[in-house]
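# Geometric and topological summary
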Amino acid sequence: NDYPDITKTKYLVYAVQIGTFSSPKTKKQLKISSVYQRKLDDGRIQYFYAPIYSYSDAENKLQTVKQKGYDDAIIVAFNNGEKISIKKARDIEKA
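### Observations concerning unusual backbone geometry
Ala 50 connects to Pro 51 through a cis peptide bond whose omega is -5°. Of note, Pro 51 is situated in strand S3 (residues 45–52). Despite not being glycine, Lys 31 has its phi angle at roughly 65°, a positive value. Phi is positive for Asn 80, close to 55°, though the residue is something other than glycine. With respect to the helices and strands, the residue Asn 80 is situated in the loop between strand S4 (74–79) and strand S5 (82–84).

So, in structure tokens, the structure goes:
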């Protein structure tokens, strides 16, 4: 289950963080079609619905993910692979 690594993206992307898990998950298990991942230093894996290119689209995708049972899902942003604040991402998006 190797998904694209969100820290390898070379532009501004939003993502809906689905969750952090100690064991790998399949797309079927996650119930999400477009999955990116980030492996953490402690061995856990974060999964994201990504890539999303606008904040408004991210808000829509967040609702989709929550309807699939991920009540704790949140919108996150990465710029050139680095996690950044939503405020900073929105400033970049508007520029």
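Having put the structure on the table, let's press on.
### Observations regarding the confidence of the model for the chain
For the chain, mean pLDDT is 95; residues scoring 70 or higher make up 99% of the total. Within the chain, no element has a lower average pLDDT than helix H1 (residues 27–30), which sits at 92, and none a higher one than S4, at 98.

### Some details on the sheet that holds S4
One open sheet accounts for five strands, arranged S2-S3-S1-S4-S5; its pairing is antiparallel. The sheet is open, and its two borders are formed by strand S2 (35–39) and S5, each paired with just one other strand. Between one strand axis and the next, the sheet turns by 45° as a mean value, whatever way the strands run. Across five bridges, S2 lies against S3 in antiparallel orientation. Bridge pairing in S3 links Val 35 to Tyr 49. Packed onto the sheet, helix H2 (residues 55–67) meets strand S1 (12–21), S3 and S4 and runs at close to 20° relative to S1. The sheet contacts of helix H3 (residues 86–94) involve S1, S4 and S5, and relative to S1 the element is tilted by about 155°.

### Some points on the packing of aromatic side chains
Taken as a whole and assessed by the stated rule, the structure comprises five aromatic pairs. An angle of 50° between the planes, with centres 6.0 Å apart, marks the rings of Tyr 11 and Tyr 53 as tilted. One end of the pair, Tyr 11, is in the segment before S1; the other, Tyr 53, is in the loop between S3 and H2, and 42 residues separate them in sequence. For Tyr 11, a relative accessible area of 36% corresponds to the partly exposed category.

The rules behind these values
- Here the residue index of a chain counts from 1 through its sequence in written order.
- At least 70 in pLDDT is required for a residue's local features to be given in this predicted model, at least 80 for side-chain atom pairs to be given and counted, and no such filter applies to totals for whole chains, interfaces and linings, which use all residues.
- Side-chain numbers here rest on the full set of heavy atoms in the structure, without hydrogens or water.
- Only DSSP runs of H or I reaching four residues or more are called helices, and only runs of E reaching two or more are called strands; each is numbered from the N terminus.
- Values of pLDDT, which run from 0 to 100, indicate the predictor's confidence residue by residue.
- Should DSSP find at least two bridges between two strands, the strands are regarded as paired.
- Note on geometry: axes are C-alpha line fits, over the in-contact stretch for helices, and angles between N-to-C directions span 0 to 180 degrees.
- Should any heavy atoms of two residues lie within 4.5 Å, those residues are considered in contact.
- The criterion for an aromatic pair is that two Phe, Tyr or Trp rings (for Trp, the six-membered ring) have centres within 6.5 Å, with stacked assigned to planes under 30 degrees apart, edge-to-face to planes over 60 apart and tilted to the rest.
- The classification of residues rests on relative accessible area computed with a 1.4 Å probe and restricted to protein chains. Under 20% of the type maximum is buried, over 50% is exposed, and intermediate values are partly exposed.

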